[in-house]
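# Summary of structural features
Below are the chains, spelled out letter by letter.
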Amino acid sequence: MSLELQLGLLLLLAALGMPLFAVILGIALVGLQAAGYGEAALTEFYGLGDMPGLIAIPLFTLAGYLLSESQAPRRLVRLSNALLGGLPGGLAIVAIVACAFFTAFTGASGVTVVAMGALLFPALVAAGYPKAYSLGLVTAGGSLGLLFAPSLPLILYGFVAGPIAGDPGVSIPDLFLAGLLPGLLMLLVLSAHAMWVGRSVPAPPQGFDAGELRAALWEARWELPLPLIVLTAVYQGVLAVSEVAALTAAYVLVVTVFVRQEIGFRQLPGVMAEAMRMVGAILLILGAARALSNWFIDQDVPGRLYAFVSAHVEGPLEFLLLLNLFLLVVGMLVDIFSAIVILTPLLMPLAAQFGVHPAHLGVVMLANLQIGYFTPPVGMNLFIAAYRFQQPVTALVRATLPFLLLLGATVLLITWWPGLSLALLAG
């Protein structure tokens, strides 16, 4: 059977519902076999064990799942409401901030929609926010936070980009800094929109309550140190990222199981198994995508791609604008982990030729891919929210359209202004 026929068969199986990692691995196996490398694709799975710091992914995932199964989401919402609830659109801003924080730690947009949506959607509707706006916010809000440490996609991009970046290089701590200001800009844009929507929402009966703020701070006293633990340890160089992940997982485990006792010993194995299922999926995708990337390199795909782009694109801004459109389409069709591992080795040489810093490239990639989570026709959050809130997907598409336009415009600004991603690195 010819190479073209085998690849066509794999694409047909993909259209019929074959798992994506199997499609990716199948293409890699067929391509490398045709190139004479036989079982070279399978060695990539063994090579995962040699990737420095890879243990950070399962450890941060475990911490995020433990938080999602505890009462941490409720405490986070209460604290955010005590701080911001008195503002116009305050509850919507609370939802934006809470979703971003939660997604940053879980690394899973769908988990945020399920865990935070159950709290926030009824609260928003009860407070007088339009139902369509509330649906759109909790659906789009699930993708917020992927630019903040310790987001799994951010870490994964660092693993893939670090070894192949030239000069300048890029590290995971660099990416934690690079994503901070662009991520905050997205939150500010959506918060401004929330205040505009909140003009027609009845103000809460009580204003700022110092007593409620003190009570909320005390109730969340165990969760509040988490961002400080991660950011301080990484940026001060005290611990490696894998060591920070181990510390975070141990801290969350002790707090949720022993201190707060919100996760029982009988429940703990189930939570850990669920977290490891997600990790297993990520590692399968990572191994398969690395094999596919090797075939691309063997076939000189990066070189051919560069020759084609150089002939049609004149400058870095034009390259990045076209990249935005391409990544948005990819984000609609492919999960973010596969997209990062497959595309990064292809796009980094192109970006380097146009003078694009690898940290800025990573921010642009993740910012576009996170919008793809709720972009039709196959944005994952649309279907998760449709199931969770018992709403038709078409209603969710209409509800998320304003957020798509707002975040799309913000991503264009982030793309045009690389200094926003690189400002903290310069320090």
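Refer to the structure printed above.
Residues numbered from 1 in each chain as written. Predicted model: local features only at pLDDT ≥ 70, side-chain atom pairs only at ≥ 80, totals over all residues. Heavy atoms only, no water.

### Looking at the overall build of the protein chain
This is how it is decided: Each helix is a run of DSSP H or I of at least 4 residues and each strand a run of E of at least 2, with the numbering of both proceeding from the N terminus. Burial classes: relative accessible area under 20% of the type maximum marks a residue as buried, over 50% as exposed, and values in between as partly exposed (1.4 Å probe, protein chains only). Methods summary: accessible areas were calculated by the Shrake-Rupley approach with a probe of 1.4 Å, and residue burial reflects only the protein chains presented.
Each helix and strand in the protein chain was counted, giving 22 helices and zero strands. Counting over 427 residues, the protein chain shows a buried share of 52%. Surface summary for the protein chain: the accessible area is close to 18,300 Å², and the carbon and sulfur share equals 69%.

### Observations concerning the nonpolar core
As a reminder, the rule being used: The term nonpolar core refers to a set of buried residues drawn from Ala, Val, Leu, Ile, Met, Phe, Trp, Tyr and Cys, joined through side-chain atoms within 4.5 Å.
F60, F319 and L361 are the most contacted members of the largest nonpolar core, which has 137 residues in total. A per-element tally of this core places helix α15 (residues 268-298) first, with 13 residues.

### Focus on helix α20 (residues 380-389)
Selection rule: Along the arc lie the directions from the helix axis toward the C-beta atoms.
The complete set of buried residues in α20 reads N381, L382, A385, A386 and F389. Along the axis of α20, the buried positions cluster into a sector of 135°, meaning they face one direction only. Trailing α20 by a residue or two, Q390 shows a phi angle of about 55°, which is positive.

### Examining the environment of V309
Worth spelling out the cut-off: The contact definition used throughout considers only heavy atoms, calling two residues in contact when any of these lie within 4.5 Å.
Residue position: V309 is located in helix α16 (residues 301-312). Spatially, the C-alpha atom of V309 lies 8.1 Å from that of F319, the residues being 10 residues apart in sequence. Ignoring anything within four residues of it in the chain, the contact list for V309 reads F319, L350 and F354.

### Things to note about unusual backbone geometry
Cis geometry is adopted by the peptide bond preceding P150, which originates at A149 and carries an omega value of 0°. Within the fold, P150 resides in the loop between α8 (131-141) and α9 (152-164). The backbone of Q261 shows a phi angle near 55°, a positive value even though the residue is not glycine. Looking at where Q261 falls in the secondary structure, it is placed in the loop between α14 (241-259) and α15. Backbone geometry places Q390, a non-glycine residue, at a positive phi of 55°.

### Description of the packing of aromatic side chains
Our working definition: Only Phe, Tyr and Trp rings are paired, with Trp represented by its six-membered ring, and only when their centres lie within 6.5 Å; those with planes under 30 degrees apart are stacked, over 60 edge-to-face, the remainder tilted.
Following the criterion strictly, the structure yields five aromatic pairs and no others. With centroids separated by 5.5 Å and ring planes inclined at 35°, the aromatic side chains of Y133 and F403 adopt a geometry described as tilted. Of this pair, Y133 sits in helix α8 while F403 sits in helix α21 (residues 393-416), and the two are 270 residues apart along the sequence. When its relative accessible area of 7% is taken as the criterion, Y133 is described as buried. Taking the relative accessible area as the measure of exposure, F403 reaches 1% and is therefore buried. Aromatic side chains F319 and F354 sit 5.0 Å apart centroid to centroid with 15° between the ring planes, which places their arrangement in the stacked category.

### What about the side chain of T139?
Secondary-structure assignment places T139 in helix α8. According to the relative accessible area criterion, T139 is buried, its value standing at 0%. Residue contacts for T139: discarding those within four places in its chain leaves V113, F374, N381, L382, A385, L396 and T400.

### Quick notes on the side chain of R75
One can find R75 in helix α5 (residues 72-84). The residues touching R75, leaving out its near neighbours within four places in the chain, are S70, E219, A220, E223, R260 and E262.

### A short note on the pattern of salt bridges
What counts is decided by this rule: Should a side-chain nitrogen of Lys or Arg be within 4 Å of a carboxyl oxygen of Asp or Glu, the pair is scored as a salt bridge.
Per the counting criterion, the structure on display carries seven salt bridges. In this structure, the salt-bridge partner of R260 is E223, at a minimum N-O distance of 3.3 Å. Residue R260 is found in the loop between α14 and α15, and its partner E223 is found in the loop between α12 (210-219) and α13 (225-235); the two are separated by 37 residues along the sequence. Classification of E223 as buried rests on a relative accessible area of 10%. As a salt-bridge pair, E274 and R277 come within 2.7 Å of each other at their nearest N and O atoms. Linking E274 with R277, this pair stays in helix α15, spanning three residues, or about one helical turn. Given a relative accessible area of 37%, E274 falls into the partly exposed group. Among the charged side chains, a salt-bridge network with shared partners connects R74, R78, E212 and E219.

### Overview of the packing of α9 against helix α19 (residues 358-372)
This is how the line gets drawn: Axis definition: a line fit to C-alpha positions, over the contact stretch in the case of helices; interaxial angles, taken between N-to-C directions, run 0 to 180 degrees. Our angle categories are set so that under 35 degrees counts as roughly parallel, over 145 as roughly antiparallel, 65 to 115 as roughly perpendicular, and the remainder as oblique. Definitions for this section: a left-handed crossing has its near helix turned counterclockwise from the far helix by less than a right angle. A right-handed crossing has that turn clockwise.
The geometry of α9 relative to α19 is characterised by a closest axis approach of 11 Å and an angle of 140° between their N-to-C directions. With respect to each other, α9 and α19 are oriented oblique. Judged by the sense of rotation from one axis to the other, the crossing of α9 with α19 is right-handed. The segment α9 lies against α19, with P153, L154 and Y157 engaging P358, L361, G362, M365 and L366.

### Looking at a nonpolar patch on the surface
Selection criterion: A patch consists of residues whose relative accessible area exceeds 30% and which take part in no salt bridge; residues with like charges are grouped when within 9 Å of each other, and nonpolar side chains (Val, Leu, Ile, Met, Phe, Trp, Tyr) when within 5 Å.
Taken together, L317, L321, L412, L413, W416 and W417 make up a surface patch of nonpolar side chains, about 580 Å² in accessible area. Secondary-structure elements contributing two or more residues to the nonpolar patch are α17 (316-333) and α21. Here the nonpolar patch takes three residues from α21, the largest share from any one element. Checked against the element boundaries, W417 lands in the loop between α21 and α22 (418-426).

### Structural notes on the packing of helix α4 (residues 56-69) against α9
Note the cut-off: Note that Gly is not counted as nonpolar here; it falls among the polar residues with everything else outside the nonpolar set of Ala, Val, Leu, Ile, Met, Phe, Trp, Tyr, Cys and Pro and the charged set of Asp, Glu, Lys and Arg.
Relative to each other, α4 and α9 sit at 175°, their axes nearing to 10 Å. If you check the angle between α4 and α9, you find them roughly antiparallel. Of α9, the residues touching α4 (which contributes I57, F60 and T61) are L152, I155, L156 and F159. Here the contact of α4 with α9 is built from residues that sort into six nonpolar, one polar and no charged.

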